[in-house]
Amino acid sequence: MTEAIRLAVENVRSGRGGPFGAVIVRGEEILATGANQVTRTNDPTAHAEIVAIRSACAAVGDFRLMGCVLYTSCEPCPMCLAAIYWSHLDAVHFAATHQDAASYGFDDAFLYDEMRKPILDRSLPMHPVSHPEAALPFQQWAASRNKILY
């Protein structure tokens, strides 16, 4: 946890990005670290946790991080939480809470609120499109002999 917080502090001091750091470990080994790179890279997905997950997956050569644990300086946002679940990390330890982050202007409560709403009631217009081939990619995947199950 100390390293995740150190990364967050250094990220702010250096002017490279926001006050967030993350570390992924397997056993006693640090596999990857990440610091927020959103403003530096103009990538809204470059949160510390996502950066660390991408790096750890590259290091282990797999999109699954079973047997690994994430330490992050702040409670993960909804996007990062989803990535954490998709990567199959074993556990998450965080220091600051999402309420702490909100008190400094990093408030993601609206995202949780939006996700609870029916699709057509969300503030971002969402338009389901009926298409006769909508299921085709899934059918092809189901029939594929080369598929890798998530």
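Residues numbered from 1 in each chain as written. Predicted model: local features only at pLDDT ≥ 70, side-chain atom pairs only at ≥ 80, totals over all residues. Heavy atoms only, no water.

Peer 1: How do you make sense of the pairing of strand S3 (residues 69–74) when you look at a structure like this?
Peer 2: Side chains on a regular strand alternate between the two faces of the sheet. Across the six residues of S3, five count as buried, placing the element largely inside the fold. Relative to S3, strand S1 (residues 21–26) runs antiparallel, the two sharing four bridges. Its bridge partner lying in S3, valine 23 is registered against tyrosine 71. What joins S3 to strand S4 (residues 91–96) is helix H4 (residues 78–87), and the crossover it makes is right-handed. (Buried < 20%, exposed > 50% of the residue type's maximum accessible area, 1.4 Å probe, protein only. Helix = DSSP H or I, 4+ residues; strand = E, 2+ residues; numbered from the N terminus. Pairing = 2+ DSSP bridges. Right-handed = clockwise from strand over helix to strand, strands pointing away.)

Peer 1: Is there a simple way to explain the layout of surface pockets in this structure?
Peer 2: Sizing a probe to match a water molecule and rolling it over the atoms shows the empty space that remains. Volume-wise, the largest pocket comes out at about 360 Å³. Mapped by element, the contributors of at least two residues to the lining of the largest pocket are helix H2 (38–41), helix H3 (48–60) and helix H5 (98–102). Class assignment of the residues belonging to the lining of the largest pocket gives a composition of 10 nonpolar, six polar and four charged. Within this model, the second largest pocket holds a volume of roughly 160 Å³. Along the walls of the second largest pocket sit Pro78, Leu111, Glu114, Met115, Arg122, Ser123, Leu124 and Met126, which together make up its complete lining. (1 Å grid on protein atoms, 1.4 Å probe; cavity = no way out; pocket = protein on both sides within 12 Å on 5 of 7 lines; lining within 4 Å. Points joined across faces, edges and corners; volume = space filled by probe spheres on them. Nonpolar A, V, L, I, M, F, W, Y, C, P; charged D, E, K, R; others polar.)

Peer 1: Sorry, what's going on with the side chain of serine 73 here?
Peer 2: Take serine 73: it is sitting in strand S3. Setting aside residues up to four positions removed in sequence, serine 73 forms contacts with Ala4, Ile5, Ala8, Pro19, Phe20, Gly21, Ala95 and Ala96. (Contact = heavy atoms within 4.5 Å.)

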